[in-house]
Amino acid sequence: MAFGKNPRMDSRRSSSSYCSSVTIVVFVVLCLVGVWMMTSSAVVPVRNVDTSPAETNTEVKQEVNEPGQFEDRSGDVNGGAATGDPESDANLTQDGPFSEEKGGHELDERSSQQKVERKNDAEDMTKTEGENVNEGKADTGEVSNEGQMNDREKETEDKSEEKKKTESEEEGKESDNKLESEEKKISESEEDGKESENNKKPESEENESEDEKKSESEEKASEDEKKAESEESSIEKGDDVKEKSQIEEVTQTQDSEGEKNSGEGNKEELTKDEGQKEVFPDAGQSEIQNETNTQNGAFSTQATESKNEKEIQEASKSKDMQASFGYSWKLCNVTAGSDYIPCLDNEAAIRKLRSTKHYEHRERHCPEEGPTCLVPQPEGYKRPISWPDSRNKIWYHNVPHTKLAVIKGHQNWVKVTGEYLTFPGGGTQFKHGALHYIDFIQEMLPDIAWGKRSRVVLDVGCGVASFGGYLFDRDVITMSFAPKDEHEAQVQFALERGIPAISAVMGTNRLPFPGQVFDIVHCARCRVPWHIEGGKLLLELNRMLRPGGYFLWSATPVYQKLPEDVGIWKAMSALTESMCWERVALKRDSVNKVGIAIYKKPSSNKCYEGRSVNNPPLCPATDDPNAAWNIPLQTCMHRVPESTGQRGSQWPELWPQRLDKTPYWLNDSQTGVYGKPAPEDFMSDYEHWKHVVSKSYLNGMGIDWSTVRNVMDMRSVYGGFAAALRDKKVWVMNVVSIDAPDTLPIIYERGLFGIYHDWCESFSTYPRTYDLLHADHLFSKLKKRCKLTAVMAEVDRMLRPEGKLIVRDKVDTINEVENMAKSLQWEIRLTYSKEQEGLLCVQKTFWRPQEIEMASTSSNLA
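What you see is a predicted model; the values in this text were computed from it and never measured.

Conventions and cut-offs
Residues numbered from 1 in each chain as written. Predicted model: local features only at pLDDT ≥ 70, side-chain atom pairs only at ≥ 80, totals over all residues. Heavy atoms only, no water. Helix = DSSP H or I, 4+ residues; strand = E, 2+ residues; numbered from the N terminus. Polar contact = N/O pair within 3.5 Å; in protein donor to acceptor, adjacent residues only side chain to side chain. Pairing = 2+ DSSP bridges. Axes fitted to C-alpha atoms, helices over the stretch in contact; angles between N-to-C directions. Salt bridge = Lys/Arg side-chain N within 4 Å of Asp/Glu carboxyl O. Buried < 20%, exposed > 50% of the residue type's maximum accessible area, 1.4 Å probe, protein only. Phe/Tyr/Trp six-rings, centres within 6.5 Å; stacked < 30°, edge-to-face > 60°.

Novice: Run through the side chain of D758, naming residues and quoting values.
Specialist: Following the sequence through the fold, D758 ends up in the loop between β13 (754-757) and β14 (770-776). There is a polar contact of 2.8 Å between the side chain of D758 and the side chain of R785.

Novice: Describe the sheet that holds strand β6 (residues 501-503), and please don't skip the residues or the numbers.
Specialist: A sheet is described by the order of its strands in space; here 7 strands give the open sequence β6-β5-β4-β7-β8-β10-β9, paired in mixed fashion. The open sheet has two edge strands, β6 and β9 (582-588), and neither has a second partner. When strand polarity is set aside, the average angle formed by the axes of neighbouring strands in this sheet is 20°. Of the strand pairs in this sheet, strand β7 (residues 518-523) and strand β8 (residues 545-553) are connected by 5 bridges, and their pairing is parallel. Counted as the bridge partner of F518 is L545 from β8.

Novice: Got a sec to walk through the pattern of salt bridges? Specific residues and values, please.
Specialist: Within the structure shown, the criterion is met by 31 salt bridges. Measuring nitrogen to oxygen at the nearest pair gives 3.1 Å for the salt bridge that ties D439 to R474. Residue D439 is found in helix α16 (residues 434-444), and its partner R474 is found in the loop between α17 (466-471) and β5 (477-482); the two are separated by 35 residues along the sequence. Of the residues examined, D439 reaches a relative accessible area of 28% and is grouped as partly exposed. On the basis of relative accessible area, R474 is assigned to the partly exposed category, the value being 26%. We note a salt bridge from D660 to R726, for which the minimum N-O separation is 3.2 Å.

Novice: Requested: an account of the packing of aromatic side chains, with residues and values cited.
Specialist: Each pair of aromatic rings is reported with the distance of its centres and the angle of its planes. Evaluated as defined, the whole model comprises 21 aromatic pairs. Ring pairing ties together the aromatic residues W530, F551, W581 and Y599, which thus form one cluster.

Novice: Describe the sheet that holds strand β1 (residues 393-395), naming the residues involved and giving the relevant values.
Specialist: Reading across from one edge, β1-β3-β2 is the order of the 3 strands in this open sheet, with antiparallel pairing throughout. Each end of this open sheet is capped by a strand with a single partner; those strands are β1 and β2 (415-417). Looking at each pair of strands side by side, their axes are set apart by 30° on average, direction ignored. Judged from the 3 bridges that link them, β2 and strand β3 (residues 420-422) form a sheet pairing that is antiparallel. Bridge pairing in β3 places K415 opposite T422.

Right under this line is the structure:
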């Protein structure tokens with residue numbers, strides 16, 4: 001506390017003068033008592049001279065409730081004064097109880113006023129304590145101190161007014177003016193400190209001891225009171241809370257320093273170090289304060305506020321953008337959630353089924369109109385791992401399903417390994433690796449000739465498609481399929497790994513593939529009841545299998561001797577014999593402990609005609625084996641083509657020659673899709689796509705092809721686009737529209753694969769399963785039959801985030817697709833137009849709308 005020269009010191013030096021002036025002193029005492037009684041009521045509450053220490057502490061607590069009482073103790077912390085320590089000054093500027101946005105003028109005005117009030121209170125409290133201890137001895141000292149107090153109060157008010165004027169003039173200037181203001185406050189703070197030290201030096205040891213006790217009592221009371229204020233601060237404004245919390249930290253540090261420096265000689269050191277040690281709490285206090293501000297929920301962090309505001313702005317921007325283009329996208333409100341496949345998750349249609357005996361509930365049941373909602377993404381979804389690493393592991397959060405790992409974990413299908421789902425390369429029938437299994441088949445029957453004679457394979461009941469995934473190493477492509485059933489997300493696992501697959505089931509309808517196109521059909525413990533109902537399902541495989549092709553069967557009836565297995569084996573043996581399938585190999589693998597039976601389809605009709613019993617019967621000549629879209633299964637066999645020039649009468653060229661060579665059964669008498677003779681049309685299409693892909697797609701669009709694995713050609717004609725990508729580590733699903741010329745058999749003849757589809761319906765794949773979609777003059781044709789918004793929603797569903805869509809079409813259609821892409825927040829990578837023809841390349845983003853459909857989509861499906 002600041003004190004002037006005390007008359008009590010004079011009384012000790014000249015006791016004789018004191019004794020001779022008794023009369024004068026008595027008179028002065030009476031006057032002082034009257035003056036004191038009038039002035040003390042305006043500064044501090046009136047105190048009784050007999051007040052106990054406990055009562056004094058209570059009064060101190062009441063005074064602390066006034067804001068800003070201890071700002072001067074902290075070295076003018078709230079006024080922005082620097083400490084002299086560069087690191088501390090930096091912290092004061094950045095982490096102080098007030099932000100720079102408040103401005104220095106308001107802060108210093110409040111700080112100066114609070115300093116005056118606190119000094120007045122502190123000096124009056126000191127006077128009262130002096131009366132309690134030296135009752136009747138220090139009356140003259142109190143007069144002198146009060147006089148000096150009034151002078152100091154006036155001087156401080158003058159300084160405050162001068163500072164407020166200066167700060168007001170400098171308000172709104174650049175950062176250099178702020179620094180000058182800070183330096184000014186630093187110098188003023190140092191002057192106050194020096195004045196305080198000079199006033200303390202002449203005091204007596206007795207008063208110093210009493211002042212220390214007074215200071216400690218005041219600080220402890222302040223600490224208790226500030227704790228109460230900190231609890232109340234949760235309902236105050238953020239800046240006030242920071243100020244009170246900082247005050248609490250300062251008083252805590254003062255207590256600690258007071259205990260360490262309780263001696264007379266250390267008091268001066270405490271005063272000098274107050275600005276550096278008391279302003280900033282230690283690490284422990286800082287951590288506690290941070291927890292108080294962030295964890296109690298009173299105030300959110302700037303990061304949270306900014307994130308929320310950003311999301312609000314983006315949502316608003318999204319709505320504005322959608323509105324500007326005339327589209328409104330919402331999230332699908334369906335049970336399947338992020339795994340939604342509209343034609344397979346039509347709950348309303350499935351409930352109406354009369355029977356599920358033939359797996360009707362696993363077949364396609366599409367809505368009358370395609371959904372226009374967007375499928376949500378799984379929480380934590382990441383960019384998929386690139387091939388070939390993806391064959392061994394995928395991100396768990398991209399396909400967050402573990403049921404299959406639990407059910408099939410002992411069979412080496414899939415395992416959960418940290419943040420990954422890993423695939424050891426095995427399966428039910430090849431626990432020691434798919435490559436060993438594949439090579440064992442080659443050893444059993446060398447005529448298989450993987451990657452030469454055998455190029456295109458159909459894998460029935462594929463599981464996680466490890467068989468097809470490892471056949472890539474033998475230059476073989478595999479169309480894998482399995483139903484969306486209790487074996488949770490097995491096809492989704494396959495696609496996420498970068499392996500071709502679709503969700504399908506052998507139920508009541510033919511599979512959407514042409515007749516006589518697959519070189520090999522494979523079934524490893526697929527549990528399909530081939531032998532029942534006249535062999536209807538096995539006859540469907542016979543329809544799709546190329547004459548001279550092989551059926552590989554490695555199910556338990558082949559090698560186990562359980563009664564059920566033995567019965568199935570006998571039934572299958574009789575059925576395959578009646579179908580004229582020749583069993584060319586039967587062997588058990590000593591490593592995997594499984595047996596494999598290999599059957600060959602006949603290449604002529606001689607066997608059919610020589611059967612004693614026409615069962616199963618031959619299909620009528622009117623039955624087209626290539627008709628596959630929603631066609632019921634038939635219990636009959638189609639004749640094998642034998643005439644020269646008929647497709648299926650010869651085995652295709654060996655791979656890779658078959659890719660480039662015109663199929664033997666195309667002739668000049670046939671007109672191609674583009675109006676030229678079929679062979680010429682075929683070669684012209686191939687040359688066109690080789691040029692486009694090499695000159696534009698690979699180099700001119702900025703596509704990183706190392707991140708591209710799963711590709712779909714949404715309107716494939718001869719497979720030229722896929723053939724042009726032969727040197728890339730990609731596979732292409734060629735789709736031939738049901739209303740387009742049936743060129744899908746040509747695609748298979750080239751050693752490629754594909755599927756029939758109607759783009760007014762949903763495709764049988766999981767969401768987020770393709771890296772690149774290619775649409776050549778597709779949308780202009782589709783918008784004549786169905787809503788283009790539904791087609792675009794389906795494109796969004798199939799495409800992975802950061803996946804690309806390349807569209808070639810008429811300019812008006814290009815503009816329409818581009819507007820929809822913009823409303824979906826997609827990035828426009830390239831637009832080009834010439835003579836009413838256009839090219840567009842867009843990239844899907846991670847954006848999803850915030851709004852969800854009010855009614856469940858599935859409830860509206862028919």
